[in-house]
Amino acid sequence: MEHLLETIGRNLFAIFGVMALGSAAFMVASRSAVHSVLGFLFTMLCIAGCFLALEAEFLGMAQILVYAGGIVVLFLFVVMLVEMSKKSGAQVFQLQSRYAVAAVLIGAALFVGVFRKVIFGAASAEALVLRPGLAQGLDVAKQNAQAVSRGLFADYLLPFEILSVILLVALVGAVVLAKTERV
Amino acid sequence: MNKILRTLIPFDIAKGLAITGKHFAKVFFTANRRKVRYHIVSEYPEVVAKIQPRFRGRLTLLKDEQGEIKCVCCLACEKICPTQVITIEKGKKEGRKMPFPVRYDFEMERCIFCEFCVESCGFDSIILNHQFELAAYNREDFSLGMEGLGQNMFEPSPVGKFSVADD
Amino acid sequence: MPIPTLTQSVVITLIQCLLVVIFVFVVVPLTVFAERKVLGHIQQRLGSTRVASGHIGVTGWMNRGMWKWGRIPILSYWRGIPGLVADVLKLILKEDIIPAKADKFVFFIAPAISMVSAVVVFAAISFVPGTFFTFPTWFPYLGGLPVSGGIADINVGLLWILGVASVGVYGIVLAGWASNSKYPLLGGLRSAAQMVSYEVPLAMSLLAPVVLTGSLNFGDMSARMATGLPAWGLAPQILGFLIYLTCGFAETNRLPFDMPEAENELVAGFHTEYSGMKFGFFYLAEYINMTVVSALAAGFFLGGPWLLPFGLQGLLNPYLPSLLSWFGQPHAIFFVAKIIFLLFTYIWVRGTIPRYRYDQVMSVAWKYLIPMALFNLLLAALVRCFAV
């Protein structure tokens, strides 16, 4: 019993990860848009579970609060309002497949570019940990909400603000796409 | 300024809460008391229901002091009845000058208790009594007559356990 | 104090979960009963008096005797209680109808999401700081081990509560969509809009305690809010309490904000097509959510397990004579009493204020509550800056 529980506890990350992948596959594969959103919701919850398994409590909770509680609700809202059943199945996304491939390539390139140091082993994950000056008087393992906030508002303030600009770009892009569709 | 303050500080809500809270407390602390009670409902099946004087219940034929039926078969009630639930058969009786109803049928299932019949009656010979528990198990029980198959129109309805007897 | 092994701590956690579930399933039916009674009393009625014990069994015999004697029975007030049992039996035994054109899977899972997200919030709520009780030494397997006052004493308890509560909206939206019917869909959409908008001022009003205490742990926050604030920490607390309570009413879809199931407009809103125990789950979830909101309000603003609300306990404690030191200590019973009072307030407000129109509900959230919550946050920050 003891052994079993310990094994489960040590492998929580893997368990949640497999569940997240499974529900993500369900999301992509399912024909009904609302089922997809449900799968997406479960993926988000499982990712939060992954964060919890890594003892990043704040990130896990923020994941639930922002994604599961806010963004996926908006997805659901849109999906419920938009009539999807008329264009059924595979027809919907066929036109954009070229762009999709391009987007995936660009995304992968950006990912490798940003995390090149971590991926190619030049820097360990410790590079991303709070620098000691900021971590002063903090038990980072216990108070990771405070640690994240110190990092965000001191060292990473500029990237943080730039992120919001990127979100703005995404919003403007969405408006543009919606407009061209209507004309 | 006053308006802004009233918006920010929920005076009106507090006033409303005070009123309902007062009612709640009064009823809560006196619910089981017999004399001074604040709740305005009676516990009907256990306690005899209080009926307002102008309540319109079941149609009843009245008798005069000698025990004679007052109805003289003028058919005014039969004519005015909007749902035609009254059927009267005129007849004669020994020792009585006025016509006498041989049959006075009243089909309560269709009656709408409008009291037109009572208003139209020139001899005050029918009333709607205060009886309100009029449920029955069979359709036949609703066709009332002077006597015979249906129930008697002089007696209170046998249906309903807690009937108010004293009209 | 012995240190529990992993298995033992898991068992203890399960026991805590059981205790919380028992608490919830005792409080919820009593709230349903109290709702009938209190609403009745507010309208000068008696509320439910009509089931069983007034008519059958020993109590029925006593009651009938007292009626014959011409007295109102002593048990009169409690005669409605067996109606709760009747209600639950009805919910369980009723036929469970699934509409032919409904999305069966989503239709099935929606009440479960509502229910789970309502109950799971209790994980982060601590009823009393420190140890709740210790198992006696003769107890098999768990002898001598302490049971803490909350299930999970996590550092980000507040975020857990807000996050899981915000997942609850899926139950309502998905129920509305899966029923494949007009009124449920409208009810679901309305409630999604309402709950998402009221989450903003709700979270902001809870940010004031976060700023004041500098913590996200439920137990820490309630302790600091109750005992660790200066006298003029009162102002942001009272304003924040009012804002929080208003948002809580909207968040649990209670009157005066019951948009999702506005009876005279939407039949029964999102659960029009539900019957049997699935409907029962929505019903239960609503009342459990009420309990959760009350627990948060009690914990953050009304002093939690301490006696006095709004941080007055901290001002009083130095002057408390040693004879009355019991009242200076945290006790779970104070917490539960506050929860019960707030549940009563829910019903009280329901009996007092008529329903808002849909646009009014939205304007209350965006035009009044959010600016007020921001102002409250500013007050809290000032107090934090200069007084704490």
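Cut-offs used in this document
Along every chain, residues carry numbers that run from 1 in the direction the sequence is written. For this description, chains carry letters from A and ligands carry numbers from 1, given in the order in which they are written. Selection of residues for local features in this predicted model requires a pLDDT of at least 70, selection of side-chain atom pairs for listing and counting requires 80 or more, and totals for whole chains, interfaces and linings are taken over all residues. To get the side-chain values, take all heavy atoms of the structure and skip hydrogens and water. Orientation is described by lines fitted to C-alpha atoms, with helices fitted over the stretch in contact, and by angles between N-to-C directions that extend from 0 to 180 degrees. Strands here are runs of E lasting at least two residues and helices are runs of H or I lasting at least four, both read from the DSSP assignment and numbered beginning at the N terminus. Angles below 35 degrees are treated as roughly parallel, those above 145 as roughly antiparallel, those between 65 and 115 as roughly perpendicular, and all remaining angles as oblique. By the definition used in this description, the sense in which the near helix is turned from the far one sets the handedness, with an anticlockwise turn below a right angle giving left-handed and a clockwise turn giving right-handed. When checking whether two residues touch, look at their non-hydrogen atoms; a contact exists if any pair is within 4.5 Å. Basically, the charged four are Asp, Glu, Lys and Arg, the nonpolar ten are Ala, Val, Leu, Ile, Met, Phe, Trp, Tyr, Cys and Pro, and anything else, Gly included, counts as polar. Buried surface area refers to the total accessible area, computed with a probe of radius 1.4 Å, that the two partners give up upon joining, counted for both partners together. Under the rule applied, a polar contact is a pair of N or O atoms within 3.5 Å (in protein, one hydrogen donor and one hydrogen acceptor; residues adjacent in sequence only if both atoms are side-chain atoms). Helix span, expected: 1.5 Å multiplied by one less than the number of residues in the helix. Bend, in this description, refers to the angle at a residue between axes fitted to the seven residues ending there and the seven starting there. Only protein chains enter the accessibility calculation, which uses a 1.4 Å probe; a residue is then buried when its area is under 20% of its type maximum, exposed when over 50%, and partly exposed in between. Whenever a carboxyl oxygen of Asp or Glu lies within 4 Å of a side-chain nitrogen of Lys or Arg, that contact is scored as a salt bridge. Only buried Ala, Val, Leu, Ile, Met, Phe, Trp, Tyr and Cys residues count toward a nonpolar core, and they belong to the same one when joined by side-chain atoms within 4.5 Å.

A. Spotlight on the packing of helix α6 (residues 182-213) of chain C against helix α8 (residues 234-251) of chain C. Residues and elements named next belong to chain C. Interhelical geometry of α6 versus α8 gives an angle of 155° and a closest axis separation of 9 Å. In terms of axis orientation, α6 runs roughly antiparallel to α8. Seen along the crossing, α6 lies across α8 with a hand that is left-handed. Along the contact surface, α6 presents Q194, M195, Y198, E199, P201, L202, S205, L206 and L212, while α8 presents P236, G240, I243, Y244, C247, G248, A250 and E251. Taken together, the residues that form the contact of α6 with α8 break down as 11 nonpolar, 4 polar and 2 charged.

B. Structural view of the interface of chain C and chain A. Between chain C and chain A, the residue contacts involve 31 residues of the former and 26 residues of the latter. Counting the surface lost from both chain C and chain A, the interface buries some 2500 Å², and carbon and sulfur atoms represent 80% of this. Put simply, chain C and chain A have 3 residue pairs in polar contact (both at pLDDT 80 or more) between them. Among the secondary structure elements, those contributing two or more residues to the side of chain C that touches chain A are α1 (6-42), α4 (104-120), α5 (157-178) and α6 of chain C. The element contributing the most residues to the side of chain C that touches chain A is α5(C), with 12 residues. For the side of chain C that touches chain A, the residue count by class is 23 nonpolar, 6 polar and 2 charged.

C. Local environment of helix α4 (residues 57-81) of chain A. Under the 1.5 Å per step criterion, the end-to-end length of α4(A) is 34 Å for 25 residues, consistent within 8% with the ideal 36 Å. At V72(A), α4(A) is bent by approximately 30°, the largest bend along its length. Buried within α4(A) are the following residues: E57(A), G60(A), M61(A), Q63(A), I64(A), A68(A), G69(A), V72(A), V73(A), L76(A), V79(A) and M80(A). Close packing links the buried residues of α4(A) with α3 (33-53) and α7 (144-153) of chain A together with α5 and α6 of chain C.

D. Seen up close, the pattern of salt bridges. All names here are of chain B. What the rule picks out here adds up to 10 salt bridges over all chains. When the shortest N-O distance is used, the salt bridge between R103 and E89 registers 3.2 Å. Within this pair, whereas R103 is found in strand β3 (residues 100-107), its partner E89 is found in strand β2 (residues 86-91), the two being separated by 14 residues in sequence. The exposure class assigned to R103 is partly exposed, which follows from its relative accessible area of 37%.

E. Here's a closer look at the nonpolar core. Among the nonpolar cores identified, the biggest contains 112 residues, and F122(C), I125(C), Y170(C), L174(C) and Y198(C) are the most heavily contacted of them. At 14 residues, α5(C) tops the list of elements feeding residues into this core. Not counting chain neighbours up to four residues away, the residues in contact with F122(C) comprise V20(C), F23(C), V24(C), F127(C), I151(C), I288(C), T291(C) and V292(C). L61(B), I88(B), C111(B) and L128(B) belong to the second largest nonpolar core, which has 24 residues in total.

Purely spatial values, then, with no claim about function.
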